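Here's the letter readout for the chains.
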Amino acid sequence: MSTTTAPRRTAPVPARAGVRQWAALAVLMLPVLMVSMDNTVLSFALPDISSSLHPSGTALLWVVDIYALMLAGLLVAMGSLGDRIGRRRLLLVGAIGFGAVSFYAAQVEDINGLIVARALLGVFGATLMPSTLSLLRNIFLDRQQRRLAIAVWAAGFSAGAALGPVIGGWLLEHFTWHAVFLINLPVVAVLVPLALWLLPESRNPNPGPFDLVSIVLSMTTMLPVVYAIKTFAEHGLTAAVGWTVAVGVLSAVTFVRRQLAREHPLVDVDRGAGPDRQRERVGRAGVDLDLAPVHLERDRRVEGVLAQLGHGHAGAGDVELGQHLADQIVGHRTRRVGALELHQDRR
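Here we summarise the structure given alongside this text.

Definitions and cut-offs
Residues numbered from 1 in each chain as written. Predicted model: local features only at pLDDT ≥ 70, side-chain atom pairs only at ≥ 80, totals over all residues. Heavy atoms only, no water. Patch = residues over 30% accessible without salt bridge, like charges linked within 9 Å, V, L, I, M, F, W, Y side chains within 5 Å. Areas by Shrake-Rupley, 256 points an atom, 1.4 Å probe, with all protein chains shown as cover. Salt bridge = Lys/Arg side-chain N within 4 Å of Asp/Glu carboxyl O. Helix = DSSP H or I, 4+ residues; strand = E, 2+ residues; numbered from the N terminus. Buried < 20%, exposed > 50% of the residue type's maximum accessible area, 1.4 Å probe, protein only. Expected span 1.5 Å × (residues − 1). Axes fitted to C-alpha atoms, helices over the stretch in contact; angles between N-to-C directions. Left-handed = near helix turned anticlockwise from the far one by under 90°. Nonpolar A, V, L, I, M, F, W, Y, C, P; charged D, E, K, R; others polar. Contact = heavy atoms within 4.5 Å. 1 Å grid on protein atoms, 1.4 Å probe; cavity = no way out; pocket = protein on both sides within 12 Å on 5 of 7 lines; lining within 4 Å. Points joined across faces, edges and corners; volume = space filled by probe spheres on them. Core = buried A, V, L, I, M, F, W, Y, C linked by side-chain atoms within 4.5 Å. Parallel < 35°, antiparallel > 145°, perpendicular 65-115°, else oblique.

Side note on a nonpolar patch on the surface
Next up, step 1: Taken together, the side chains of W22, L148 and V152 make up a nonpolar region of the molecular surface, amounting to roughly 240 Å² of accessible area.
Next up, step 2: With respect to the element layout, W22 can be found in helix α1 (residues 19-38).
Next up, step 3: Here W22 falls in the partly exposed class, since its relative accessible area comes to 31%.

Following this line, the structure appears as structure tokens:
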């Protein structure tokens, strides 16, 4: 009597990315570079802006800071929105909105309009960052290739932040300060048709109920912490820094406890999540906080502008400073991603 055994079932091997998928990664780098570059490109236009629009010191600081505040505060909320309406759709809406507001910002003739434009750029920028990272996870199914794609994403974000001062300095040598906004338009013009062609749509098939409380908690976590970094850069350790950090930490603890208790959390904070998901969390959380050295350097420059309302265009020194920042920022971000990859490989 012979017996037969059923053949073992092996897990299907994920399909490896081809030319189309790597081309899609190149497309996703466009919004990453655009958003991160806009966080720093304005730094060297501040003397020209102050000369042209005659803002108060407080208004000039708001022009600089409001973008990163809105960007950081809305990342989690926009990620949740993309899960529901589609990540590619949200990316396209954000890109078109980013381009439209950039055009508006180049036309404004008063400081209040510029502040509003920078705030709206932060809102639309927040739609782009989580969309790009989530789309990467759906495009690259092979674990090794996905890790490489996420590393490229992180390096691209840092490179954009470092290129901002360099490109800004070059533009101001040849054009007015309005050019630092108009440079976004050709990027959007290339991004939208390529995204429609190369990027697949994806969404969460079971996103769960819309959790407004968690979204508010995510904003009250990120906004105070980012604001504290900027306030510390401008005024040192003050009472405002202390209480904003306290609010951020309290909101973060409440947010994490709420996610652990919910059946459908807004953000999966379970430590049992896979390494790729952990990398995605690190990338989202580090979008603004990894740029603390840039904020510190930029805010020192703002203080100099406020002290003398400097005139004239950025010169070679500005470009050299941008290149110095590039070495520091890209090296810091690359080391961080490399350390994360090494940690995950050892687990």
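Let's pick the thread back up.
Describing helix α9 (residues 212-235)
Next up, step 1: In a regular helix each residue adds 1.5 Å, so 24 residues correspond to 34 Å; α9 covers 34 Å between its end C-alpha atoms and thus fits that length.
Next up, step 2: Two residues or fewer after α9 comes G236, characterised by a positive phi angle close to 80°.

Here's the deal with the packing of α1 against helix α6 (residues 143-174)
Next up, step 1: The geometry of α1 relative to α6 is characterised by a closest axis approach of 8 Å and an angle of 35° between their N-to-C directions. Note on packing geometry: the crossing formed by α1 with α6 is right-handed.
Next up, step 2: Taken together, the residues that form the contact of α1 with α6 break down as 15 nonpolar, five polar and no charged.

Some remarks on the side chain of S251
Next up, step 1: As for its placement among the helices and strands, S251 is situated in helix α10 (residues 239-261).
Next up, step 2: Here S251 is in contact with L217, T220 and T221, once residues within four sequence places are set aside.

So, the layout of surface pockets
Next up, step 1: Its boundaries defined by the atoms lining it, the second largest pocket holds a volume of some 160 Å³.
Next up, step 2: For the second largest pocket, the full set of lining residues is T58, L61, W62, D65, L69, Y227, K230, T231, E234 and H235.
Next up, step 3: Counting only elements with at least two residues in the lining of the second largest pocket, the list comes to α3 (57-85) and α9.
Next up, step 4: A breakdown of the residues in the lining of the second largest pocket according to their chemical character gives four nonpolar, three polar and three charged.

Describing the nonpolar core
Next up, step 1: Within the largest apolar cluster, 63 residues are counted, with the highest numbers of intra-cluster contacts made by I49, L114, W177, F181 and L199.
Next up, step 2: When residues of this core are traced back to their parent elements, those giving at least two are α1, α2 (46-53), α3, α4 (87-107), α5 (111-139), α6, α7 (179-182) and α8 (184-198).
Next up, step 3: Residue contributions to this core peak at twelve residues, all from α5.
Next up, step 4: If you look at the next biggest cluster of nonpolar residues, it comprises five residues, including I215, L217, F255 and L266.

Digging into the packing of α5 against α6
Next up, step 1: Running from N to C, α5 and α6 point in directions that differ by 160°, and their axes come no closer than 9 Å. Classified by the angle between their axes, α5 and α6 sit roughly antiparallel to one another. Note that α5 runs across α6; the crossing there is right-handed. Facing α5, whose interface residues are M129, T132, L133, L136 and R137, α6 presents R146, A149, I150, W153 and F157.
Next up, step 2: Broken down by class, the residue content of the contact of α5 with α6 amounts to seven nonpolar, one polar and two charged.

Description of the pattern of salt bridges
Next up, step 1: Here the structure, examined in full by the defined rule, presents four salt bridges.
Next up, step 2: A salt bridge links D211 to R258; its shortest N-O distance comes to 2.9 Å. Taken together, the residues D211 in the loop between α8 and α9 and R258 in helix α10 connect sequence positions 47 residues apart.
Next up, step 3: Where salt bridges share partners, they join D211, R258 and R262 into one cluster.

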